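# Observations on the model geometry
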Amino acid sequence: MKQTNFHERCGICEDEKETGIHLYNMFICSECEHNIIHTEPREEKYNYYLHKLKNISKPKLYS
């Protein structure tokens, strides 16, 4: 049986990844999910994640 690897573009890092979660219309790779969970509000990356997550409810555009 042939195994097919399916990749999706992460809404946070914008890389093509194989594993992750879907929140509304956004795919978040496992690495970014881990980083988001372990980022404290006082850290600089926190605002970056907030900015990226604002797009979570926007419809996904397909080309």
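Here, the structure is the one placed above.
Parameters at a glance
- Residues numbered from 1 in each chain as written.
- Predicted model: local features only at pLDDT ≥ 70, side-chain atom pairs only at ≥ 80, totals over all residues.
- Heavy atoms only, no water.
- Helix = DSSP H or I, 4+ residues; strand = E, 2+ residues; numbered from the N terminus.
- Buried < 20%, exposed > 50% of the residue type's maximum accessible area, 1.4 Å probe, protein only.
- Contact = heavy atoms within 4.5 Å.
- Areas by Shrake-Rupley, 256 points an atom, 1.4 Å probe, with all protein chains shown as cover.
- Pairing = 2+ DSSP bridges.
- Polar contact = N/O pair within 3.5 Å; in protein donor to acceptor, adjacent residues only side chain to side chain.

## Side note on the overall build of the chain
Along the chain, the regular secondary structure elements total 2 helices and 4 strands. Starting at the N terminus and ending at the C terminus, the chain contains elements arranged as β-β-β-β-α-α. In the chain, which comprises 63 residues, the proportion classed as buried is 21%. Restricting to contacts in the chain with at least 6 residues of sequence separation, those with at least 24 account for 31%. Looking at the chain as shown, the accessible area adds up to about 5400 Å², and 52% of this sits on carbon and sulfur atoms.

## Regarding the pairing of strand S4 (residues 26-29)
Burial of S4 is two-sided: the residues Met26 and Ile28 facing one way and the residues Phe27 and Cys29 facing the other way are all buried. Sheet topology places strand S3 (residues 20-23) next to S4; 4 bridges connect them, and they run antiparallel. Considered in S4, the bridge of Gly20 is made with Cys29. The antiparallel hairpin formed by S3 and S4 contains 2 residues in its connecting segment, where Tyr24 sits at a positive phi of about 55°.

## Details of the side chain of Glu8
Here Glu8 lies in strand S1 (residues 8-9). Among the residues examined, Glu8 registers a relative accessible area of 15% and is labelled buried. Within polar-contact distance, the side chain of Glu8 engages the side chain of His22 at 2.9 Å.

## So, the side chain of Lys17
Looking at the element boundaries, Lys17 is found in strand S2 (residues 16-17). Accessibility expressed as a relative area gives 16% for Lys17, which makes it buried. Within polar-contact distance, the side chain of Lys17 engages the side chain of Glu31 at 2.7 Å. Among all residues touching Lys17, those that are not within four sequence positions of it are Phe6, His7, Glu8, Phe27, Cys29 and Glu31.

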